[in-house]
Every structure is written in structure tokens, then in C-alpha cells.
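# Coordinate inspection notes
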Amino acid sequence: MKVRFSHSELLFTLLLVFLFVFVIGCSSSLSVQSPYNYDDGLVRSTPEEQGVPSETIARFFQQVEEKGYDVHGLMMLRHGKVIAEHWWSPYAPQYKHAMYSATKTFTGTAVGFAVQEGLLNIEDKVTSFFPDLLPDTISPELAELSVKHLLTMSVGHASTRYAGSGESQVRSFLAASFAHKPGTSFAYNITASHMLSHIITKVTGMSIHEYLKPRLLEPLDIKDVVWEMDNDGIPMGNGGSHMKTSDLAKMGLFLINKGKWNGEQLLNPEWIEAATKPHIFQHPEWSEEQIANAKDDQAQGYGYQIWMGRKNSYRAIGGQNQLIMVIPEYDFVLACHSQIGDEAGFDSLIYEMLPDMSDKKLKPDKSFDLNSRIADYEIKRPFEGTTSNKVTMSTQRYQMDENTKGINNVLFRFDASGNCYLTFVTDSAIHNIPFGLDNWLIGKTDRTLSIARTVYPNQMGVTPVDTAGICTWTSENELSVYYLSMFNPGSTDTFKFSFDDDKLKMEVVAPTGRRMGPPGMQQPQQTNLIFTGTKMLD
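A few points on the structure. (Residues numbered from 1 in each chain as written. Predicted model: local features only at pLDDT ≥ 70, side-chain atom pairs only at ≥ 80, totals over all residues. Heavy atoms only, no water.)

So, on to the overall build of the chain. Along the chain, the regular secondary structure elements total 13 helices and 21 strands. When each of the 538 residues of the chain is scored for burial, the buried share is 51%. Put simply, of all contacts in the chain between residues at least 6 apart along the chain, 62% involve residues at least 24 apart. If you sum the accessible surface of the chain, you get close to 25000 Å²; carbon and sulfur atoms cover 50% of it. (Helix = DSSP H or I, 4+ residues; strand = E, 2+ residues; numbered from the N terminus. Buried < 20%, exposed > 50% of the residue type's maximum accessible area, 1.4 Å probe, protein only. Contact = heavy atoms within 4.5 Å. Areas by Shrake-Rupley, 256 points an atom, 1.4 Å probe, with all protein chains shown as cover.)

The next point concerns empty space enclosed by the protein. Under the definition given, this model contains 3 cavities of 30 Å³ or more. By volume, the largest cavity amounts to about 50 Å³. Lining the largest cavity, in full, are H72, G73, W87, Y91, A92, Y95, K96, H97, T245, H337 and M486. Computed from the structure, the second largest cavity encloses a volume of approximately 40 Å³. Lining the second largest cavity are T105, G108, T109, L255, W271, I272, A275, Y304 and I306. Contributing elements (two or more residues each) for the lining of the second largest cavity: α3 (103–116) and α10 (269–275). When the residues that make up the lining of the second largest cavity are grouped by side-chain class, the tally is 6 nonpolar, 3 polar and no charged. (1 Å grid on protein atoms, 1.4 Å probe; cavity = no way out; pocket = protein on both sides within 12 Å on 5 of 7 lines; lining within 4 Å. Points joined across faces, edges and corners; volume = space filled by probe spheres on them. Nonpolar A, V, L, I, M, F, W, Y, C, P; charged D, E, K, R; others polar.)

On the basis of which strands lie adjacent, the open sheet formed by 3 strands has the order β3-β5-β4 and antiparallel pairing. Both outer strands of the open sheet, β3 (97–98) and β4 (226–227), are each paired with one neighbouring strand and no more. Two strands pair when backbone bridges link them, and β4 and strand β5 (residues 241–243) are joined in this way by 2 bridges, in the antiparallel orientation. Within β5, the residue paired with V226 across the bridge is H242. (Pairing = 2+ DSSP bridges.)

Evaluated as defined, the whole model comprises 15 salt bridges. In this structure, E49 and K361 form a salt bridge, with 3.3 Å as the shortest nitrogen-oxygen distance. Taken together, the residues E49 in the loop between α1 (7–30) and α2 (54–66) and K361 in the loop between α12 (343–353) and α13 (370–374) connect sequence positions 312 residues apart. Two residues, R315 and D347, come together in a salt bridge whose shortest N-O distance is 3.8 Å. Of this pair, R315 sits in strand β9 (residues 313–318) while D347 is found in helix α12, placing the two residues 32 residues apart along the sequence. The residues R315 and D347 share a single accessibility class, namely buried. Within the structure, one salt-bridge network assembled from shared partners comprises D40, R44 and E85. (Salt bridge = Lys/Arg side-chain N within 4 Å of Asp/Glu carboxyl O.)

Bringing the nonpolar core into the picture now. For soluble globular proteins, nonpolar side chains are generally found buried alongside one another. F106 and F254 are the most contacted members of the largest nonpolar core, which has 67 residues in total. Take this core: its biggest share by element is 7 residues, from helix α9 (residues 245–256). Setting aside chain neighbours within four positions, we find F106 in contact with M99, L212, L216, L217, I222, W227, M243, M251 and I324. Of all hydrophobic cores here, the second largest spans 48 residues; its members include I317, L323, L370 and I470. (Core = buried A, V, L, I, M, F, W, Y, C linked by side-chain atoms within 4.5 Å.)

Turning our attention to the environment of V170. As for its placement among the helices and strands, V170 is situated in helix α6 (residues 167–175). Since its relative accessible area comes to 2%, V170 is described here as buried. Separated by 24 residues in sequence, V170 and H194 have C-alpha atoms that sit 9.0 Å apart. Beyond its immediate sequence surroundings of up to four residues, V170 is in contact with F130, L133, M195 and H198.

Looking now at the sheet that holds strand β11 (residues 332–339). If you walk across this open sheet you meet the 6 strands as β2-β1-β11-β10-β9-β8, and the pairing is antiparallel. Lying at the two open borders of the sheet, with one neighbouring strand each, are β2 (81–87) and β8 (307–309). Averaged over neighbouring strand pairs, the angle between their axes works out to 15° when direction is ignored. The pairing of strand β1 (residues 70–78) with β2 spans 6 bridges and is classified as antiparallel. For G73, the partnering residue across the bridge sits in β2 and is W87. (Axes fitted to C-alpha atoms, helices over the stretch in contact; angles between N-to-C directions.)

Looking at the secondary structure, you find G259 in the loop between α9 and β6 (260–261). The class of G259 is buried, set by a relative accessible area of 0%. With residues near it in sequence (within four places) discarded, G259 still touches F254, E264, Q265, L266, L267 and I272.

Under the defined criterion, the tally for this structure stands at 0 disulfides. C420 takes part in no disulfide bond, and the closest cysteine sulfur to it belongs to C471, at a distance of 5.5 Å. (Disulfide = S-S within 2.5 Å.)

Here we take up the packing of aromatic side chains. Enumeration according to the criterion identifies 24 aromatic pairs in this entry. Summarising the aromatic geometry, the rings of F129 and F130 are spaced 6.4 Å apart at their centres and angled 65° between planes, so their arrangement reads as edge-to-face. The same class applies to F129 as to F130, namely buried. (Phe/Tyr/Trp six-rings, centres within 6.5 Å; stacked < 30°, edge-to-face > 60°.)

Right, let's get into unusual backbone geometry. Between S89 and the following residue, P90, the backbone shows a cis peptide bond with an omega angle of 15°. Residue placement: P90 occurs in the loop between β2 and β3. Non-glycine residue M153 carries a positive phi angle of around 55°. Mapped onto the elements, M153 comes out in the loop between α5 (147–151) and α6.

This brings us to helix α8 (residues 208–217). The complete set of buried residues in α8 reads I208, H209, Y211, L212, L216 and L217. Viewed end-on, α8 has its buried residues packed into an arc of 150°, placing them on one side of the element. Summarising the contacts, the buried residues of α8 are in contact with α3, α7 (190–204), β4 and α9. (Arc of directions from axis to C-beta.)

Fair warning: the whole summary comes from geometry, so function is off the table for now.
Spelled out as C-alpha cells, the structure:
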């Protein structure tokens, strides 16, 4: 039996088929997946769909490599969509990373929410929040000091170093002498930011971290934030948070959309506009032309815990270049975690991409795969000249001679692949750290073991954090091992173990060329440490 279709039925069927193919084609072209098996909730697109040539992005990554910039994770977003992302192995999207002073922008945002809820005003005097911590004599400058002066780094103190922690630091801050009238001179003052955290606690009855959760962090799906505290249990408003790279990207989108997220206005757009414009300049004596022609972003002005930049940009920035760069005119956001000293040079590479950006979609080059082009970038490995020597399926135990670090035993366990699982036994704890043979292995540390004083001790109650370790046989009887904290960039330890019959020499390599921790923190010893031990009988 033959089925016959009328002319109209045939046309209708063909139309349905066409619509089905069109919808499937459109959805497949719009459904761009991350090259990483990690769901952060952000929407992906191709660079060309958002008006950016893939070759421009690839050139940026190549320049980062050529300049030796130590980037750990980076995301680029245009028109609200991720168009490029990469993590330099062993870093990966799921690991939290120190934010350092980029935390300040979250602190300033918390103040914005408190203002929106009528809990404070930026013209409120700082003295009003701490009546029990004031000095005996209130100077005219201290009486005038306001929340806005804290937000804009225009306190006017003669020195920005303050003794103590918690309430004792608040006391020393309030007792500090003034060199300038508040609001008239810029000076980068990290304790001013921490004062804002104290004020948030005063007016809300909760920590800044808890206050931000339902207002900002949870709506943006920023999860599992670690936020370190001062000795009084107040989260550090100046640099204590640890977040993922995608969390920085979400904050950038929140700012560029003026406080709106998924169609909901979380924070008053007028606050974002005020926060992201300059209220004070670092060089007030400079002309507008001098500021515009400056070759870095340190002279462009300061907002509410946000730095202004060239190309009418603004940014959250933390030590070693923890960055949220927002360039509204190009609807562009770049977020990264890194360990870079040359912030100005890195920023310049970002600005060099802008002329290639179009307001229209671009035709993609099907022969050019951006993800494969940038996939192999990784951080520089610590050892060169690996050997073929490999110990497998072995456990070796050593009794260490008496030493000032309290290390009683060192154990080496080698698996079938030659990876080393190193154990330090002290009087108070057992520390296990994995090292991949010529490859990275992820582990955890509670940060209470400090030998070379680079993986510095945890004194703020932070839970165990991720480490990445790698080892290699640098000579027939010498095993070199290195591990870094995924939590704090620059926090590393390097060991060289020399095996001579039943004797062990453990050399802890002194760090060079870097400062650890906040100003005033005791710095790592600059000489190698030597420990010796004897093999224990099975």
C-alpha cells in the first residue's frame, strides 16, 4: 500500500525537517565545551563568535611563554562568555589559589552591600565603630577619618605599618599619627582594608565571609572559599581569601554587568559605578596627558578597593598578579592566578590584543585549533637532566640524627612507577608528601611542617591544602624532590637526598630571590640545611 502526501503536507514535512536541522545546527554551534572536565557554570563560546581572532589569543599565550611569566590559571571572557582558558600544569581549574590583595575588591563590595542595606554610610566616621579602642586624644584628622577614606586608600597616616593583630592592630591604627588630611593623599594601606572587615563585623554581627555568602558568593556559585583570619578570628579584609580562577572570572562579570547576575540586580549599579571610577590619584601633580601616557597602571587612580587602569579599565589585583581585569569598552574580562612580578608588562600584553577585537562575529579558521595550540603550556619544571635510574616497589626508613627541626624519621616508599611517597615523622605529627617521578603528583599538607621556611607554618586554622610534588634522580645516588603549595604561590620546598650505603644526607635547598608572606614576616634562611641519618633495619 502506497502512502500519498498532498502538496501542502509535503511542504509542511519539509519545513519541519528544515527547522529541526537548523535548530540542531545552531545549538551545536553554540554549545562550546570547556577542554577541562570541570563545571564552573560559566557559558563557553568560540573567540570568533565573540569577535576575537583565535590567532590573537594564541599570540598572547606565546608572549607569556617567551617572557617567562609564571601564570597558573587564566580565563578570557567576552560578551559574558568564556572564549579561552588554560591552566599551567600542575595547576587545574578545581584548585583554590591565594588571592592576596585581590581580596580587597570583595571587601569593598561587602561595604557596598552594607550601604545598600542601610547598615552604614561611607561618610560615617571610623571612630564611631570603635569607641572602646580609641586613643586618649582624638586628633582633628582622626575625627574626620571616614569609611570612604578607608575605601580609597586616602587615610593620610604618616606610616602604614601597624603593630599587633585583631583589636590590638585596630588600636595601633587609630593611634597612628597623620601626615596628611584624610582624603588628600593616596598611600597603599593594607590595614585600612582590614579595618573595613572589622567594620562589617561591627554593623552586621557576622564575619565579612559569612555576610557575603548569601549576597554575592552563593548567587555567583562561588563555592568552598577559604578565608584566613587575624588572631582575633576576623577574616582578613586585605588579602586572606583563596578562590578558584573561575571565581575571579565571575566577579569580573558581576562588576562589568554593574552588580547584575543572571538577570537579578544584586547590588545597586550606582555603587559599582562609584567603585570603579577614580576618587584619588597616585600622582596628583601629573597632568591628564602624563597620566594617559603612563606606561603602567599604577598612576591611573584608585576607586573603592579597585585600581583604575589604562584603556579605561579597572582591576582587582593581588600580590604576584592575582588579577581580575575588566575593560568595559571592549566588554572583556580577564582573570588569572599567577606568580609574576612584572604586572605592568603582563597588562601591556592584554592591551595589545584589544585592537584586534571586533563588534561583529568573525569567520573562524577551521585549520586553527586554539585549544590544541595552548594545551601544552605548563609551569617550568624544577629539575633538568633526568637519569634512567628508578627505584620501584621499595620502602626505606632512616633514623635521623638529632636536629633543630625535630625530624625523627624519614621514609621513602616507591611504587611500581617509581613515584616517591615521602614521610617525615616528627614528635607532633606525621607528614606524607607524594612526588611523581618526572611528573606531578597532587597531595595535601596541613602546613605545620616548615624546614626551609618557604612552605610557611599555618597559624590561622586553615584546613589542609593541596600540594604538587615532582622528583627525579639527578645522579645515580641522588634523588631531588620539589613540591609547591597550590594554595600560596611561591611557597615551595626543594630537597636533595644522597644515599651512601646505609647513610642518608638530606639537603634542604635555600630559596633565593623572593620574599615570603606579608611585610615584616621573618624571611627564609638563605643557607642550605643539612640533615643526616642512618638506615633502619626492617
